[in-house]
Amino acid sequence: MVSDTFDFLNGRASDVAPRLLGCILERELDGEVVRVKIVETEAYDETDAASHSYKGRTQRTDIMFGPPGHLYVYFTYGMHYCCNIVAGGEGTGAAVLIRAVEPLSGIEVMETHRLQSGVQLTNGPAKLCQALAINKSLNGHDLTKEPLRLIVEPALANEAIEQTVRIGISKAKDVPWRFYIKDNPYVSR
DNA sequence: AGCGGGATTTTCT
DNA sequence: GAAAATCCCGCTT
């Protein structure tokens, strides 16, 4: 672990997920600095039937079992990328899916990549990856480095956070590991 | 406003 | 060979 501010990422995915709400992702793209705020997350770990890491370490999930603070990018439905921040210690198959972000700067750059605007820009896991041009080439990327950095902000108050079941999964539907910032317009659904 | 289907390819059984 | 941590469009109320 390079940075002390990343220490909390060593914890359980279900503790890390709400802690990431309000944190910033800074992306260098097309010569501009694009900044977004994380507003919706979901936790996944190896005890969890809905998690890619549930069946153990494979070629695909290798990054999830690696050191925290790196990016786990997967491709799904034949056309979409989704991105996670790896949590837990080395050897632990845990990660937090970034489901939605709020644009702060570089909005025109994102519109160029996403071909949409307003909340449609980033209110879903595959949408924000398209807006930020995140693909397999960033799988395993160290989030302390360019061109994509995680900037940790102070934890939000519990009253500002809503906790529900996760979206779009067929297993472990009742596990309440989805977290989002209450009343934020960029939250999905 | 809500429902249903299609796109399209990686990954694991 | 089937399912998948999704999204978009078109059709029906």
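Let me sum up the structure you'll find in this document. (Residues numbered from 1 in each chain as written. Chains lettered and ligands numbered in written order. Predicted model: local features only at pLDDT ≥ 70, side-chain atom pairs only at ≥ 80, totals over all residues. Heavy atoms only, no water.)

## Here we look at the side chain of Asn84
Along the polypeptide, Asn84 turns up in strand 4 (residues 80-86). Judged by its relative accessible area of 4%, Asn84 falls in the buried class. At 3.4 Å, the side chain of Asn84 forms a polar contact with the backbone nitrogen of Leu97. If we ignore the near neighbours within four places in the chain, the residues touching Asn84 are His70, Leu71, Tyr72, Tyr74, Ala95, Val96, Leu97 and Ile98. (Helix = DSSP H or I, 4+ residues; strand = E, 2+ residues; numbered from the N terminus. Buried < 20%, exposed > 50% of the residue type's maximum accessible area, 1.4 Å probe, protein only. Polar contact = N/O pair within 3.5 Å; in protein donor to acceptor, adjacent residues only side chain to side chain. Contact = heavy atoms within 4.5 Å.)

## A few points about the protein's contact with DNA strand C
The immediate surroundings of DNA strand C are formed by 21 residues, with His52, Tyr74, His80, Asn84 and Arg114 found nearest. A breakdown of the atoms of DNA strand C within 4 Å of the protein gives sugar and phosphate a share of 57%. At a separation of 2.8 Å, a base oxygen of DNA strand C approaches a polar side-chain atom of His80. A distance of 2.8 Å separates a phosphate oxygen of DNA strand C from a polar side-chain atom of Ser170. Elements with a minimum of two residues in the surface near DNA strand C: strand 4, strand 5 (95-105) and helix 3 (125-131). Residue composition of the surface near DNA strand C, grouped by class: 10 nonpolar, eight polar and three charged. (Near = heavy atom within 4 Å. Nonpolar A, V, L, I, M, F, W, Y, C, P; charged D, E, K, R; others polar.)

## A short note on the pairing of strand 8 (residues 178-181)
Alternating residues of strand 8 divide into Arg178 and Tyr180 and Phe179 and Ile181, and every residue in both groups is buried. Pairing geometry for strand 2 (residues 32-44) and strand 8, over three bridges, is antiparallel. Along strand 8, the bridge assignment pairs Thr41 with Phe179. Taken together, the four bridges between strand 7 (residues 161-164) and strand 8 define a ladder with antiparallel strand orientation. What sits directly across from Glu162, in strand 8, is Tyr180. (Pairing = 2+ DSSP bridges.)

## What to know about the layout of surface pockets
Each pocket or cavity is described by its volume, and for the largest pocket that value is around 710 Å³. For the largest pocket, the lining is made up of 28 residues, of which Tyr44, His52, Tyr74, Gly168 and Ile169 are closest to its centre. When contributions to the lining of the largest pocket are tallied by element, the ones reaching two or more residues are strand 2, strand 3 (71-76), strand 4, strand 5 and helix 3. Considered class by class, the residues forming the lining of the largest pocket number 14 nonpolar, eight polar and six charged. (1 Å grid on protein atoms, 1.4 Å probe; cavity = no way out; pocket = protein on both sides within 12 Å on 5 of 7 lines; lining within 4 Å. Points joined across faces, edges and corners; volume = space filled by probe spheres on them.)

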